[in-house]
Amino acid sequence: MAASLPPSELSSHLGYWLRSVSNHVSQAFAAKVAVKGVTVAEWVILRSLHGKEPMPPSRLADDMGMTRGAITKLADRLIAKALIVREASVNDGRAQTLALTPQGTSLVPELAALADQNDAEFFDFLSADERRSLERLLKRIAEHRQMTTIPVE
(Lines give C-alpha, C1' and ligand atoms only; values in the text may rest on other atoms or scores of the structure.)
Protein backbone atom coordinates (compact mmCIF):
# COMPACT_ATOMS: atom_id res chain seq x y z
CA MET A 1 0.00 0.00 0.00
CA ALA A 2 1.44 3.36 -1.07
CA ALA A 3 1.90 6.02 1.57
CA SER A 4 -0.42 8.97 1.06
CA LEU A 5 0.89 12.49 1.04
CA PRO A 6 -0.33 14.88 3.73
CA PRO A 7 -2.93 17.37 2.51
CA SER A 8 -1.50 20.59 1.16
CA GLU A 9 -1.45 23.63 3.41
CA LEU A 10 -3.95 26.40 2.72
CA SER A 11 -1.14 28.88 2.23
CA SER A 12 0.50 26.72 -0.43
CA HIS A 13 -2.18 27.69 -2.93
CA LEU A 14 -2.06 30.79 -5.11
CA GLY A 15 -5.82 31.08 -4.74
CA TYR A 16 -5.40 31.45 -0.99
CA TRP A 17 -3.10 34.46 -1.41
CA LEU A 18 -5.18 35.95 -4.19
CA ARG A 19 -8.33 35.69 -2.09
CA SER A 20 -6.59 37.08 0.99
CA VAL A 21 -5.34 40.16 -0.86
CA SER A 22 -8.63 40.57 -2.74
CA ASN A 23 -10.68 40.40 0.45
CA HIS A 24 -8.57 43.05 2.17
CA VAL A 25 -8.54 45.37 -0.85
CA SER A 26 -12.29 44.95 -1.35
CA GLN A 27 -13.20 45.42 2.31
CA ALA A 28 -11.10 48.58 2.58
CA PHE A 29 -12.72 50.01 -0.56
CA ALA A 30 -16.21 49.07 0.67
CA ALA A 31 -15.53 51.00 3.89
CA LYS A 32 -14.36 54.04 1.94
CA VAL A 33 -17.40 54.22 -0.35
CA ALA A 34 -19.75 53.51 2.56
CA VAL A 35 -18.71 56.88 4.00
CA LYS A 36 -20.18 58.41 0.82
CA GLY A 37 -23.40 56.42 1.32
CA VAL A 38 -23.00 53.80 -1.41
CA THR A 39 -22.01 50.16 -1.72
CA VAL A 40 -19.41 48.75 -4.08
CA ALA A 41 -22.15 47.35 -6.34
CA GLU A 42 -23.82 50.78 -6.43
CA TRP A 43 -20.47 52.38 -7.26
CA VAL A 44 -20.05 50.00 -10.19
CA ILE A 45 -23.45 51.02 -11.58
CA LEU A 46 -22.68 54.71 -11.09
CA ARG A 47 -19.32 54.34 -12.83
CA SER A 48 -20.88 52.29 -15.63
CA LEU A 49 -23.41 55.06 -16.31
CA HIS A 50 -20.95 57.95 -16.03
CA GLY A 51 -20.33 59.77 -19.30
CA LYS A 52 -22.78 57.60 -21.22
CA GLU A 53 -26.19 58.01 -22.74
CA PRO A 54 -29.12 56.58 -20.73
CA MET A 55 -28.79 52.81 -20.69
CA PRO A 56 -31.34 49.99 -20.41
CA PRO A 57 -31.11 48.02 -17.15
CA SER A 58 -30.71 44.84 -19.23
CA ARG A 59 -27.43 46.14 -20.66
CA LEU A 60 -26.12 46.90 -17.18
CA ALA A 61 -27.15 43.42 -16.08
CA ASP A 62 -25.30 41.85 -19.00
CA ASP A 63 -22.18 44.01 -18.47
CA MET A 64 -22.07 43.28 -14.75
CA GLY A 65 -22.99 39.60 -14.99
CA MET A 66 -26.00 40.15 -12.73
CA THR A 67 -29.66 39.31 -13.09
CA ARG A 68 -32.08 41.95 -14.23
CA GLY A 69 -33.80 41.63 -10.86
CA ALA A 70 -30.58 42.41 -9.02
CA ILE A 71 -29.99 45.46 -11.21
CA THR A 72 -33.56 46.61 -10.55
CA LYS A 73 -32.99 46.38 -6.78
CA LEU A 74 -29.70 48.29 -7.02
CA ALA A 75 -31.30 50.87 -9.31
CA ASP A 76 -34.19 51.32 -6.88
CA ARG A 77 -31.71 52.04 -4.07
CA LEU A 78 -29.81 54.55 -6.22
CA ILE A 79 -33.06 56.21 -7.30
CA ALA A 80 -34.05 56.54 -3.63
CA LYS A 81 -30.68 58.23 -3.02
CA ALA A 82 -31.34 60.60 -5.96
CA LEU A 83 -28.19 59.39 -7.74
CA ILE A 84 -29.88 57.93 -10.84
CA VAL A 85 -33.20 58.26 -12.63
CA ARG A 86 -35.31 55.72 -14.48
CA GLU A 87 -36.99 57.09 -17.59
CA ALA A 88 -38.82 55.88 -20.67
CA SER A 89 -36.45 55.22 -23.56
CA VAL A 90 -36.44 57.90 -26.25
CA ASN A 91 -36.33 55.10 -28.86
CA ASP A 92 -39.08 52.94 -27.38
CA GLY A 93 -41.48 54.44 -24.86
CA ARG A 94 -42.24 50.99 -23.45
CA ALA A 95 -38.58 50.39 -22.52
CA GLN A 96 -36.82 52.06 -19.62
CA THR A 97 -33.34 53.49 -19.27
CA LEU A 98 -31.16 54.47 -16.35
CA ALA A 99 -29.08 57.64 -16.18
CA LEU A 100 -27.13 59.57 -13.59
CA THR A 101 -28.64 62.59 -11.91
CA PRO A 102 -26.46 65.70 -11.53
CA GLN A 103 -25.80 64.55 -7.94
CA GLY A 104 -24.76 61.10 -9.20
CA THR A 105 -22.56 62.63 -11.89
CA SER A 106 -20.73 64.76 -9.32
CA LEU A 107 -20.30 61.83 -6.93
CA VAL A 108 -18.54 59.54 -9.45
CA PRO A 109 -15.22 61.45 -9.47
CA GLU A 110 -15.19 61.43 -5.66
CA LEU A 111 -15.72 57.67 -5.61
CA ALA A 112 -13.11 57.15 -8.34
CA ALA A 113 -10.63 59.11 -6.21
CA LEU A 114 -11.39 56.72 -3.32
CA ALA A 115 -10.72 53.78 -5.64
CA ASP A 116 -7.41 55.37 -6.66
CA GLN A 117 -6.56 55.98 -2.99
CA ASN A 118 -7.39 52.38 -2.12
CA ASP A 119 -5.17 51.08 -4.92
CA ALA A 120 -2.35 53.34 -3.74
CA GLU A 121 -2.67 52.13 -0.15
CA PHE A 122 -2.36 48.50 -1.18
CA PHE A 123 -0.06 48.60 -4.19
CA ASP A 124 2.13 51.72 -4.12
CA PHE A 125 4.93 49.87 -2.35
CA LEU A 126 5.37 47.79 -5.53
CA SER A 127 7.66 49.15 -8.22
CA ALA A 128 6.06 50.32 -11.46
CA ASP A 129 7.38 47.17 -13.16
CA GLU A 130 5.91 44.94 -10.43
CA ARG A 131 2.53 46.64 -10.71
CA ARG A 132 2.50 46.24 -14.50
CA SER A 133 3.52 42.58 -14.13
CA LEU A 134 0.82 41.90 -11.55
CA GLU A 135 -1.81 43.61 -13.71
CA ARG A 136 -0.64 41.75 -16.81
CA LEU A 137 -0.77 38.38 -15.04
CA LEU A 138 -4.21 39.00 -13.55
CA LYS A 139 -5.56 40.15 -16.92
CA ARG A 140 -4.01 37.09 -18.57
CA ILE A 141 -5.73 34.78 -16.09
CA ALA A 142 -9.05 36.59 -16.57
CA GLU A 143 -8.72 36.37 -20.35
CA HIS A 144 -7.73 32.70 -20.27
CA ARG A 145 -10.72 31.87 -18.04
CA GLN A 146 -12.98 34.16 -20.11
CA MET A 147 -13.87 36.28 -17.10
CA THR A 148 -15.79 39.17 -18.60
CA THR A 149 -18.23 40.26 -15.90
CA ILE A 150 -17.51 43.25 -13.72
CA PRO A 151 -16.70 42.31 -10.11
CA VAL A 152 -19.14 43.96 -7.74
CA GLU A 153 -18.44 42.33 -4.38
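All of these numbers come straight from a predicted model, not from anything done at the bench.

(A) Fine view of helix α1 (residues 14–35). Between the first and last C-alpha of α1 there are 32 Å, a value that for 22 residues agrees with the 32 Å anticipated at 1.5 Å per step. Val25, Ala28, Phe29, Lys32 and Val33 are the residues of α1 that are buried. Taken end-on, α1 shows its buried residues confined to a sector of 135°, consistent with a single buried face. Exposed residues on α1 whose side chains face more than 90 degrees from its buried face are Arg19, Gln27 and Val35. Elements in contact with the buried residues of α1: α2 (40–49) and α5 (102–123). Once α1 finishes, Gly37 follows within two positions and takes phi at roughly 85°, a positive value.

(B) Representation of the pattern of salt bridges. Within this structure, the stated rule accounts for 10 salt bridges. Between Arg68 and Asp62 there is a salt bridge, with the nearest N and O atoms lying 4.0 Å from each other. Residue Glu135 is joined to Lys139 by a salt bridge in which the shortest nitrogen-to-oxygen separation is 2.7 Å. Of this pair, Glu135 and Lys139 both sit in helix α6 (residues 128–144), 4 residues apart, which is roughly one turn of the helix. Using a relative accessible area of 41% as the deciding quantity, one classes Glu135 as partly exposed. For Lys139, a relative accessible area of 52% gives the class exposed. Several salt bridges converge on common partners, so that one network encompasses Glu42, Arg77 and Lys81.

Criteria and cut-off values
Residues numbered from 1 in each chain as written. Predicted model: local features only at pLDDT ≥ 70, side-chain atom pairs only at ≥ 80, totals over all residues. Heavy atoms only, no water. Helix = DSSP H or I, 4+ residues; strand = E, 2+ residues; numbered from the N terminus. Expected span 1.5 Å × (residues − 1). Buried < 20%, exposed > 50% of the residue type's maximum accessible area, 1.4 Å probe, protein only. Arc of directions from axis to C-beta. Contact = heavy atoms within 4.5 Å. Salt bridge = Lys/Arg side-chain N within 4 Å of Asp/Glu carboxyl O.

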